[in-house]
There are 2 protein chains.
Amino acid sequence: MTPPAVILSRPQMGENVGAAARAMKNFGLSELVLIAPRMDWPNDRAQMLASGAADILENTRVYSSAAEALAPFNLVLATTARGRDVLKEIHTPQAGAERLRAAANHNVRTALLFGGERAGLDNDEMSLADAVITIPTAEFSSLNLGQAVLLLGYEWLKSADATPAVRTRSTIAVPATRAELSGLFEHLERELDAAQFFFPAAKRETMVRNVRAMILRSGLSDQEARTIRGMIVALVRNKYRGQK
Amino acid sequence: MTPPAVILSRPQMGENVGAAARAMKNFGLSELVLIAPRMDWPNDRAQMLASGAADILENTRVYSSAAEALAPFNLVLATTARGRDVLKEIHTPQAGAERLRAAANHNVRTALLFGGERAGLDNDEMSLADAVITIPTAEFSSLNLGQAVLLLGYEWLKSADATPAVRTRSTIAVPATRAELSGLFEHLERELDAAQFFFPAAKRETMVRNVRAMILRSGLSDQEARTIRGMIVALVRNKYRGQK
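Residues numbered from 1 in each chain as written. Chains lettered and ligands numbered in written order. Predicted model: local features only at pLDDT ≥ 70, side-chain atom pairs only at ≥ 80, totals over all residues. Heavy atoms only, no water.

Enquirer: What is the right way to look at the pattern of salt bridges in this model?
Expert: Side chains that carry opposite charge are capable of pairing whenever their charged atoms lie near each other. Residue and element names in this part refer to chain A. Scanning the entire structure with this criterion turns up 24 salt bridges over all chains. Between glutamate 180 and arginine 226 there is a salt bridge, and its shortest N-O distance comes to 3.6 Å. Taken as a pair, glutamate 180 in helix H8 (residues 178–194) and arginine 226 in helix H10 (residues 222–243) lie far apart in primary sequence, 46 residues in all. Residue class for arginine 226 comes out partly exposed when judged on its relative accessible area of 41%. Look at the salt bridges and you will find they share partners, linking Arg10, Asp122 and Glu125 into a network. (Salt bridge = Lys/Arg side-chain N within 4 Å of Asp/Glu carboxyl O. Helix = DSSP H or I, 4+ residues; strand = E, 2+ residues; numbered from the N terminus. Buried < 20%, exposed > 50% of the residue type's maximum accessible area, 1.4 Å probe, protein only.)

Enquirer: Just checking my understanding: could you explain the interface of chain A and chain B for this structure?
Expert: Accessible area lost on assembly of the parts is the figure often given for the size of an interface. Listed as interface residues are 48 residues of chain A and, on the opposing side, 48 residues of chain B. Summed over both sides, the interface of chain A with chain B buries roughly 4000 Å², with 59% coming from carbon and sulfur. On the surface where chain A and chain B come into contact, there are 2 salt bridges. The partner of Glu155(B) in a salt bridge is Lys158(A), and the shortest N-O contact between them spans 2.7 Å. Here chain A is connected to chain B by 16 residue pairs in polar contact (both at pLDDT 80 or more). Among the elements of the structure, helix H1 (14–26), strand S5 (90–91), helix H5 (93–105), helix H7 (145–158) and strand S8 (166–168) of chain A are those that each provide at least two residues to the side of chain A that touches chain B. Take the side of chain A that touches chain B: its biggest share by element is 7 residues, from H7(A). (Contact = heavy atoms within 4.5 Å. Buried area = accessible area lost by both parts, 1.4 Å probe. Polar contact = N/O pair within 3.5 Å; in protein donor to acceptor, adjacent residues only side chain to side chain.)

Enquirer: It is not clear to me how unusual backbone geometry should be interpreted in this structure. Could you clarify?
Expert: Glycine aside, residues mostly have negative phi, and peptide bonds are mostly found in the trans state. Here Trp41(A) and Pro42(A) are connected by a cis peptide whose omega angle stands at 0 degrees. Mapped onto the fold, Pro42(A) is located in the loop between strand S2 (32–35) and helix H2 (44–50). Here the residue pair Phe199(A) and Pro200(A) is connected by a cis peptide bond, since its omega of 0 degrees sits within 30 degrees of zero. Assignment of secondary structure puts Pro200(A) in the loop between H8 and helix H9 (204–217). Residue Ala36(A) is not a glycine yet carries a positive backbone phi of 40 degrees. Counting through the fold element by element, Ala36(A) comes out in the loop between S2 and H2. Even without a glycine there, the phi angle at Ser51(B) is positive, about 40 degrees. Tracing the chain through its elements places Ser51(B) in the loop between helix H2 (44–50) and helix H3 (54–58).

Enquirer: Looking at this structure, I do not really get H8(A). What am I missing?
Expert: Helical periodicity: at 3.6 residues per turn, an α-helix aligns residues three or four positions apart in one direction. All names here are of chain A. End to end, H8 covers 24 Å across 17 residues, agreeing with the expected 24 Å (1.5 Å per residue, within 8%). Regarding H8, the residues found buried are Glu180, Leu181, Gly183, Leu184, Phe185, His187, Leu188, Glu189 and Leu192. Remark: glutamine 196 follows H8 within two positions and exhibits a positive phi of approximately 55 degrees. (Expected span 1.5 Å × (residues − 1).)

Enquirer: Whenever I open this one, the sheet that holds strand S7 (residues 131–134) of chain B confuses me. Can you help?
Expert: Two modes of strand pairing occur in sheets, parallel and antiparallel, and in both the strands are linked by backbone hydrogen bonds. Taking strand neighbours across the sheet as the criterion, the 8 strands line up as S8(A)-S5(B)-S7(B)-S4(B)-S6(B)-S1(B)-S2(B)-S3(B) in an open arrangement whose pairing is mixed. The open sheet terminates on both sides in strands that have one partner only, identified here as S8 of chain A together with strand S3 (61–63) of chain B. Averaged over neighbouring strand pairs, the angle between their axes works out to 30 degrees when direction is ignored. Where strand S1 (residues 5–9) of chain B and strand S2 (residues 32–35) of chain B come together, 4 bridges link them in parallel fashion. Its bridge partner being in S2(B), Ser9(B) is matched across the sheet by Ile35(B). (Pairing = 2+ DSSP bridges. Axes fitted to C-alpha atoms, helices over the stretch in contact; angles between N-to-C directions.)

Printed below as a string of structure tokens:
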């Protein structure tokens, strides 16, 4: 499986090419192609911004036309700031990344095409793209080239990322046994009874239920349940000491 | 509904604060808070990088401690590069954004907390956060502060974005009627028969079916179907002219 190439058309600022390379490396992309760069190449500012992604810049291919640069690719999605009046499907970044992923998994050569800082993509370039990706923004829309590559790279990685939406460290992954929790509940309620905390007596049952719910909500481990019991012991001991 | 505040702890570089402000504005966030910035404030480099988001910098509040800065918030999610050994839930950016959105919709005051460039968040700051967000990356992981704010802002906007995954412009949203398509098919096949394109005759049915499927796949509008019929007329006319 070859991840999509990132193709930048007529980039003007080395900083943005460097930032694009760095963004790519964060998300598992490595193939960078430039069409007619409007800057010296190789470029010092690009090197500086790429930091750990210098290998991507070293392997960057440069072409003078979009037709040459895009020649080897089977599926090309063009990223535009605003959906223009083109007769193509417009994808969200997520849907675009999923389409690229599905194609790449079938050994189809894929590419993400980005326009230059000032003018974006011209009509000739758009005519070689299968479809368009537009990044949703608020009314204020001012993403630079490096940021657009970052967001698409992020969606590319996400399209195969199996990280669960919410997880906890393995050290607290195991909630307390019900035996440990029952022990805690009884211990706490016994001491609260002794301290005449539950008042009036008619409300004891409701109050106990609420306290238990509050404790359960925190998803304690066995160790944490024992820590709380230790705190109760300590608090009660101090109270008796104070009374002496 | 108040969107989450973005809280930057001990930021060192004005560029990153400016980039964060610009990223925020792209995605509908406006409340920026700094804890003990390690730079002059107000900051020229921040102004320069913020470009259209100067209003966010003007309204930025600065506090000397995390406790003060976080005081008004009910739900605080801390973004860390790598999940550290903290006993908190770890969310993906998407799940974190959805949690913030759900809370904000109930008028709960929410915040996204980011650590400084060098040291990240310290233990005191982490202890005030409800949970953690970690951005998934490849093995190479080197996102700067502005990029982290950009990705979280993007997920915040996405969490309420109703843009369909794939759409087409309204000008081509209406596919051709079947009548128009049938007209096209019959016209094309009549001319291809005249040109003895279908050979051998036994394969005509299969070939016709494949050509029709190919045309249907492109989702033509009425106008486009008429354009193709015009092309057929033109091609046939030239052929007869050539024969004269």
